[in-house]
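# Understanding the architecture of this molecule
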Amino acid sequence: MIEKLLFELSSPGRKGFSLPLADVPARDVEELIPKKLLRENPPALPEVSEVDVARHFIRLSILNHHVDKGCYPLGSCTMKYNPKINETLSRLPRFLNLHPYQPEDTLQGALNLMFELGEYLKEIAGMDQITLQPAAGAHGELTGLLMINAFHRRNKKPRSKVIIPDSAHGTNPASVVTAGFSTIQVKSNQKGLVDVEELKRVMSEEVAALMLTNPNTLGLFESQILEISKVVRDAGALLYMDGANLNAMMGIARPGDMGFDVVHFNLHKTFSTPHGGGGPGSGPLGVKENLAPFLPVPMVAKRINRKSLAEYYLDYKRPLSIGRMHGFYGNFGVMVKAYAYIRQIGAKGLREVSENAIINANYLKENLKDYYNLPYDDVCQHEFVLSGVKQREKGVKTLDIAKRLLDFGLHAPTVYFPLIVPEALMIEPTETESKESLDEFIKAMIQIAKEVEENPEVVKSAPQNTPVTRLDDGKAARELNVRWKRQE
Ligand SMILES: *Cc1c(COP(=O)(O)O)cnc(C)c1O
């Protein structure tokens, strides 16, 4: 099932348009365009009909798996279905045609939207101030860490280390190093949570912050968070929350109430932009007052003008700011979608999103734990982690199980992460999957577990029903060849 390129579908003389001939006198083209700039041969464009084009792109769109086609249970990355209306709203001509250099008084609607989105996010996370500038989760992390650095320097006590649990997302240590700190790893305890005694042991005057994901990447809520936050505070350090997994928490608990000084959001996971599409993201950062002076410029601000009307403006007068983190004001289209999403479902709806995400994950976990090893058997939040160690004993790797799922028209979960679980399968169904689609996933996973017992070859040679079978991952990344050359 290989889809030819439009160039290969081309047939001489075929057209995708039919326009009447121009009824204005033809001017000599060379009069308008100097001869040396004119082509000698027409461009080698594909000659195809409208039907050819439409069918070509429809066929292409279903070759790959995507969230509009089926369940996409990637752990940590929250691939949920997002309402299409938000895409439409973010493309309204009055948003789409704005220019960032327009004067503020012609941008009042856009600034109003950004300001209000910030207010909602502050409320959801229990934070005092916000920036919408960062373009992704990792970018939010970097911004937060640079601010933490600025905070300690301002207090004349620069600190050089950041503590990260061994279950952390890979972007955490990467951001820490990019921001100029070094990392200290803290081990998880047997329950998969931060070991508080171990934390006390590694805590010192050199530690600038503890960076924590809550719920953590095992899908478990850090139940000792108040104690953890006290250990951090007593040492004069700050507490950073990786809030990419906020899908489990909205309307139920707030990082700000747990003692976090700073949290980043992933609008492109939780708030109506699918993650991983390669398009723009947005990683706003909420902070407590202690970090507010260091926020990037400009900040979207509100004042009451002489006519007693609310007016929005960009505030650049922030002497302690770490500076700019993004050209202009961040990825506005993503903000429009997030704003529309929050306004549509409201506070009650956000809480329901999180409750259903948690119920769905626990439903899958309980139905699968007899077939796969469940290393941390506890009530989970929005995701949980299975281990394929039992299957590995039969010679079947987690990668094989992931590939076999594709044969059932399902996307595989995240595999081999978090690193502390061998043969990890990290599953996050999200709130947008119905009971029927969860049952379909369970059925496929159980069948695969049976195949491992009875006929492991079928799993090891998967996938068979996909447009391409197993690819050489290494070669695909290192020897990528996406250029097509016309045969002369
Ligand atoms: C996705 C994710 C990130 C990074 O977000 P990006 O937008 O991909 O940079 C960080 N931490 C966790 C826990 C995540 O799931």
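For the structure itself, consult the block above.
Residues numbered from 1 in each chain as written. Predicted model: local features only at pLDDT ≥ 70, side-chain atom pairs only at ≥ 80, totals over all residues. Heavy atoms only, no water.

## Points about the nonpolar core
One finds Leu117, Leu121, Ile163, Leu199, Ile228, Phe265 and Phe271 to be the most contacted residues of the largest nonpolar core, which totals 54 residues. With 10 residues, helix H13 (residues 332-368) is the largest single contributor of residues to this core. Apart from the residues within four sequence positions on either side, isoleucine 228 is in contact with Val194, Val196, Leu199, Leu210, Leu212 and Glu222. Within the second largest apolar cluster, 26 residues are counted, among which are Leu142, Val162, Ala168 and Phe294. (Core = buried A, V, L, I, M, F, W, Y, C linked by side-chain atoms within 4.5 Å. Buried < 20%, exposed > 50% of the residue type's maximum accessible area, 1.4 Å probe, protein only. Helix = DSSP H or I, 4+ residues; strand = E, 2+ residues; numbered from the N terminus. Contact = heavy atoms within 4.5 Å.)

## Looking at the sheet that holds strand S1 (residues 129-131)
One key point about sheets: their strands pair by backbone hydrogen bonds, in either a parallel or an antiparallel sense. Pairing within the open sheet is mixed, and its 7 strands lie in the order S1-S7-S6-S5-S4-S2-S3. Single-partner strands in this sheet number two, and they are S1 and strand S3 (182-186). Going from strand to strand, the sheet's axes swing by 25 degrees on average, the running direction of each strand aside. The pairing of strand S5 (residues 238-243) with strand S6 (residues 262-265) spans 4 bridges and is classified as parallel. Counted as the bridge partner of tyrosine 240 is valine 262 from S6. (Pairing = 2+ DSSP bridges. Axes fitted to C-alpha atoms, helices over the stretch in contact; angles between N-to-C directions.)

## A word on the site of the ligand
In the vicinity of the ligand there are 15 residues, among which Ser76, Gly137, Asp242, His268 and Lys269 approach most closely. Note that an oxygen atom of the ligand is positioned 2.6 Å from one of the side-chain N or O atoms of serine 76. Take glycine 137: an N or O atom from its main chain is 2.8 Å from an oxygen atom of the ligand. Relative to its unbound accessible area of 380 Å², the ligand is 91% covered by the protein chains. (Near = heavy atom within 4 Å. Polar contact = N/O pair within 3.5 Å; in protein donor to acceptor, adjacent residues only side chain to side chain. Areas by Shrake-Rupley, 256 points an atom, 1.4 Å probe, with all protein chains shown as cover.)

## Notes on the environment of serine 175
Of note, serine 175 is situated in helix H8 (residues 171-178). Here serine 175 falls in the buried class, since its relative accessible area comes to 4%. Taking C-alpha positions, serine 175 is 9.5 Å from glycine 144, a pair spaced 31 residues apart along the chain. In this structure, serine 175 is in contact with Ala138, Glu141, Leu142 and Leu145, ignoring residues within four places of it in sequence.

## Description of the packing of aromatic side chains
Summed over the entire model, instances satisfying the criterion amount to 8 aromatic pairs. Taken together, Tyr101, Phe328 and Tyr329 form an aromatic cluster joined through their ring pairs. Above the face of the tyrosine 313 ring, arginine 303 is positioned so that its terminal group lies 4.0 Å from the ring centre. (Phe/Tyr/Trp six-rings, centres within 6.5 Å; stacked < 30°, edge-to-face > 60°. Lys NZ or Arg CZ within 6 Å of the ring centre and 35° of its normal.)

## Quick look at helix H6 (residues 108-125)
Over its 18 residues, H6 runs 26 Å from end to end, which matches the ideal 26 Å to within 8%, given 1.5 Å per residue. Ala110, Leu111, Leu113, Met114, Phe115, Leu117, Gly118, Leu121, Lys122, Ile124 and Ala125 are the residues of H6 that are buried. (Expected span 1.5 Å × (residues − 1).)

## Details of the sheet that holds strand S12 (residues 424-427)
Read across the open sheet, the 3 strands follow the order S10-S12-S11; overall the sheet is antiparallel. Each edge of the open sheet is held by one strand with a lone partner, namely strand S10 (384-387) and strand S11 (414-415). Inspection of the sheet shows S10 paired to S12 by 4 bridges, in the antiparallel sense. Across the sheet, residue valine 385 finds its bridge partner in S12, namely methionine 426. H13 rests against S10 and S12 of the sheet, and its axis sits at about 20 degrees to S10.

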